[in-house]
Amino acid sequence: KAPSTTASEAINKIDFKEAVIRHLHCTLGTDENKANNHAWWKATCAAIQENVLEGLRKTQKTHYLNDTRAVHYFSAEFLMGRLLSNNMHNLGLFDTAQEALKELGVELTDIMEEEPDMALGNGGLGRLAACFIDSLATMELPAIGYGIHYEHGLFRQEIKSGAQIERPDSWRDYGNPWEICRPESIQEVSLYGYVETKYGENGRIQKEWHPGVTVKGVPWDIPVVGYEGKTVNVLRLWQSEASDYFNWDVFNAGGYVDAQRENVHAETISKVLYPNDETEAGKELRLVQQYFFCSCSLKDIIRRYKRAHGDDWSRFVEQVVIQLNDTHPAIAIPELMRILVDRAELDWDKAWNICTQVFAYTNHTLLPEALEKWPARMIEKILPRHLEIIYEINHRFMALVDKKWPGDNEKKAKLSIIEEGNEKMVRMGNLSVIGSFAVNGVAEIHSHLVKQNLFPEFEALWPGKITNVTNGITPRRWLKACNPALSALIDKKIGNDWPLDLNKLEGLSKHAENKTFQKQFMQVKHANKQRLAKEIKHSLDIDVDVNAIFDVQIKRLHEYKRQHLNLLHIMALYRRILENPDYDMHPRVFIFGAKAAPGYRLAKDIIYAINMVGNKINNDPRVKNKIKVVFMPNYRVSLAEKMIPASDVSEQISTAGKEASGTGNMKLALNGALTIGTLDGANIEIAEEVGDDNIFIFGLTVDEVDALKNDGYNPLDYYYRDAEIKAILDWLETDYFTPGQPGALVSIKQSLLDEGDAYMVLADFRAYSDAQIKVDEAYRDKTRWAKMAIINTAKMGKFTSDRSIQDYVDKIWKLRACEVK
Ligand code: 26Y
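Where an unreviewed UniProt entry is consulted, the protein chain appears under the name Alpha-1,4 glucan phosphorylase, with the organism given as Alteromonas aquimaris. UniProt, in the comment section headed Cofactor (unreviewed entry), describes the protein chain in these words: "pyridoxal 5'-phosphate". Per UniProt, the comment on the protein chain under Sequence similarities (unreviewed entry) is "Belongs to the glycogen phosphorylase family."

(A) Structural view of the overall build of the protein chain. Tallying secondary structure elements over the protein chain gives 33 helices and 25 strands in all. Against the 2.2 N^0.38 benchmark of 28 Å for 821 residues, the protein chain shows a C-alpha radius of gyration of 27 Å, consistent with a compact globule. Structurally, the protein chain occupies a C-alpha span of about 90 × 75 × 50 Å along its principal axes. Sorting the 821 residues of the protein chain into buried and exposed places 50% on the buried side. Sequence separation of at least 24 residues holds for 76% of the intrachain contacts in the protein chain that already meet a minimum separation of 6.

(B) Region of the structure containing the nonpolar core. Of all hydrophobic cores here, the largest spans 237 residues; its most connected members are Ile133, Ala332 and Val613. Residues within four places of Ile133 in sequence aside, it is in contact with Tyr73, Ala143, Gly145, Val224, Asn233 and Leu235.

(C) Broad picture of the site of the ligand. In the vicinity of the ligand lie 22 residues, with Gly124, Leu125, Asp277, Ala660 and Ser661 positioned nearest. Looking at the shell around the ligand residue by residue, the classes come out as 5 nonpolar, 12 polar and 5 charged. Looking at which domains feed residues into the shell around the ligand, each of domain 2 (67-82 + 117-159 + 166-436) and domain 3 (475-495 + 513-802) gives three or more.

(D) Expanded view of the environment of Gln530. Summarising the element assignment, Gln530 is placed in helix H21 (residues 515-540). Judged by local crowding, Gln530 falls into the exposed class, with 12 C-beta atoms found within 10 Å. Each C-alpha atom, one on Gln530 and one on Lys814, is 46 Å from the other, the two residues being 284 residues apart in sequence.

(E) Looking closely at the sheet that holds strand E17 (residues 425-427). Strand order in this open sheet of 3 strands is E15-E17-E16, and the pairing throughout is antiparallel. Of all the strands in the sheet, the pair left with one neighbour each is strand E15 (373-375) and strand E16 (418-419). Pairing geometry for E16 and E17, over 2 bridges, is antiparallel. The partner of Ile418 across the bridge, within E17, is Val426.

(F) Molecular detail of the pairing of strand E13 (residues 320-325). Of all 6 residues in E13, 6 are buried; the element is thus mostly enclosed. Covered by surrounding structure in E13 are Val320, Ile322 and Leu324 together with Val321, Gln323 and Asn325, the residues of both alternating faces. In terms of strand pairing, strand E1 (residues 70-74) meets E13 through 5 bridges, oriented parallel. Directly across from His72, in E13, lies its bridge partner Ile322.

(G) Expanded view of the packing of helix H23 (residues 601-618) against helix H30 (residues 746-753). H30 packs onto H23 with a crossing angle of 125° between their chain directions and a minimal axis gap of 9 Å. Taken together, the axes of H23 and H30 are oblique relative to one another. Handedness of the crossing formed by H23 with H30: left-handed. In contact with Leu602, Asp605, Ile606 and Ala609 of H23, H30 contributes Ser747, Ile748 and Ser751.

(H) Spatial organisation of the domain arrangement of the protein chain. Each assigned domain of the protein chain is listed here: domain 1 (1-66 + 91-116), domain 2 (67-82 + 117-159 + 166-436) and domain 3 (475-495 + 513-802). The distance between the C-alpha centroids of domain 2 and domain 3 comes to 37 Å. Contact residues are listed per partner, giving 32 residues for domain 2 and 21 residues for domain 3. Among the elements of the structure, strand E2 (78-81), helix H6 (124-138) and strand E5 (156-160) are those that each provide at least two residues to the side of domain 2 that touches domain 3. The biggest single contributor to the side of domain 2 that touches domain 3 is H6, with 8 residues. Taken together, the residues of the side of domain 2 that touches domain 3 sort by class into 12 nonpolar, 11 polar and 9 charged.

Cut-offs applied
- Residues numbered from 1 in each chain as written.
- Predicted model: local features only at pLDDT ≥ 70, side-chain atom pairs only at ≥ 80, totals over all residues.
- UniProt positions renumbered as here; feature names shortened; annotations may be inferred.
- Helix = DSSP H or I, 4+ residues; strand = E, 2+ residues; numbered from the N terminus.
- Rg over C-alpha atoms; globule rule 2.2 N^0.38 Å.
- Buried ≥ 20, exposed ≤ 12 C-beta atoms within 10 Å, placed from the backbone.
- Contact = placed C-beta atoms within 7 Å.
- Core = buried A, V, L, I, M, F, W, Y, C linked by C-beta atoms within 7 Å.
- Near = placed C-beta within 6 Å.
- Nonpolar A, V, L, I, M, F, W, Y, C, P; charged D, E, K, R; others polar.
- Domains from an automatic or database assignment.
- Pairing = 2+ DSSP bridges.
- Axes fitted to C-alpha atoms, helices over the stretch in contact; angles between N-to-C directions.
- Parallel < 35°, antiparallel > 145°, perpendicular 65-115°, else oblique.
- Left-handed = near helix turned anticlockwise from the far one by under 90°.

Following this line, the structure appears as structure tokens:
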């Protein structure tokens, strides 16, 4: 019998055991007999971190010596999840660590559960940033992520009597083993105060900002390990602290500073992540957060540049490109102008030239309520000099517009950074387009709509500036690490280089009809479903049938994502069963995971409705277990990693034109789930890849949605014409699902009937229901389903974030890889 490990692995295993024990003793002050899972986890992280830091040191030295151009990814959110499993896989140490720990009597997968998620993001945008920095390191591209070191990430969700409760998330409570504090790189950031105009000797007008307060930005570095571990980049997150000195001059000059000082306590700035996605609340602290991390990051970039190039700004644009992850960091544009004009004393034109060659902007949404706008008065109060700069940028830009379209005030009103009205507002989208050299959407259709509907005047002014880079996901985390059984099967079939070259998965296509492979593929799925079923039993005490279809909708809760369309369909099935006990359907488990923004009433009502309807159905013997409804609390990255490998059906059912891209759709398809979805976002490109026979597309297209809206969409037409729709909506008004509380679910009906059904749930209901019947038929044909599932995995090559990053490099960043030896 062949030995299970090679000689070198055996040595590594011994080294690794030694390192873990050493850390138990010397880092944690405990020992093998006393250590609990948490201590074992920490010691294992520390042992891995030794290897990480070695790579980090080499990478930083190499980048410094080669004076590399780098991309700086500015993002208010990085949804990193857990790092242990990822870092072990990327270093190629997973198996070694697993065996080493086993010999110490410790189960690696158990201790991995000790790690809290780094949930420093809301959803898609934050997770995209995390996938991108994984790809950047993997592709050996010099890159740094810049963000905020939130003390509390996205809230922890509990479900009490069916309703969402928010609890604080404390991801660092017992110390984070990955982060490194860098006090030597602290930055100072100013806020509030006033601007003084001075006249220099040469007649040059000088502006001096006398800030009201100064705060400290303390950087924490999280190493980002590329696959195969050669390049280790960093994610640098800024934590706010009270400054060592307070500007007493200004303080004494006027009592108003005192008042402003109360507004923002230094430590408050990085205290908590705002849990709203896609709805701008216009909160002052949020703007302060944005400015805080942008200012720290720019100063950090400039410090590093000056170390190599001194005061010579001429090479800045060769060395630095900054990607703005949506408009959240757009304030970096006037901040860089301020630094260049007021501090470095460059001419305006020279400074503007630099800015507009450094920044690039990614748009992630078309929803009007998500487009950031700040009251000019608020910016004036917090950043008085920046408001002046924004006006100056706009003034010069308006002159340019006038040259192109002389006297066209309508064009000017559309293009202006300033929205005139009752209250003057600063449009951060317009500022971002004007201050960037490239703008991109995140899927073909989305980029098309950005050009056609959101920024048509900019598209006319600067054709070619708006481009597309379709999103992607890292196959290391979203297949290799989260689905080890499927990864092993794929390795066996086509070799193990697919994590670096995902198009290799195409090689699975030719086995899609092979009975043995189909069986193996579906056995893996089955085992993953068993594991999830256990988790469901454990956390919710619900029994689910592993032979049922696992139908999964996991994403933030939003009307446009239409979890309520899914719910209405579940109610329809339930009703059909009650009316006809022999109603023919394959058993199905509908599984949801979703957090609602704490202030989003209807979203919370939908969560409540899913739980109440689910509770009724799950306990109704007449259903004979044909339907189960499971709402998994506290959806997050680490839970996604358990749910996605166990999914049969992927629900991607947003109103066409509303979901910019989606990335969960890619993760699920990669793991062999079949999509039921609308022609929206990246679903369209997924359909192109897998072919129409291997996806269930339904519903109105973007053009049809527009046409129906223009014709005057009336949801009541559907209510009165479709008896099933009427019955379901009326059901919501009774106390059938909420005994003793009639009307508890009525807000959903109201939003659909009285408030106009803005997301056309009723218009798409019948098409959705019909598509679900096709899903049911397909699943019953085991061979057909297996083939379809395999083809989905095989055709996901396009959606690796490595491809997205290569597109950014080619179209926008013009970066070169730098090999780290
Ligand atoms: C302005 C503030 C309230 C705000 C905060 C967070 C606005 C938006 C967001 C987050 C947006 C977001 O996550 N968008 C998603 O980005 C993904 C990555 O591009 C897309 O796949 C997804 O369709 C889009 O909804």
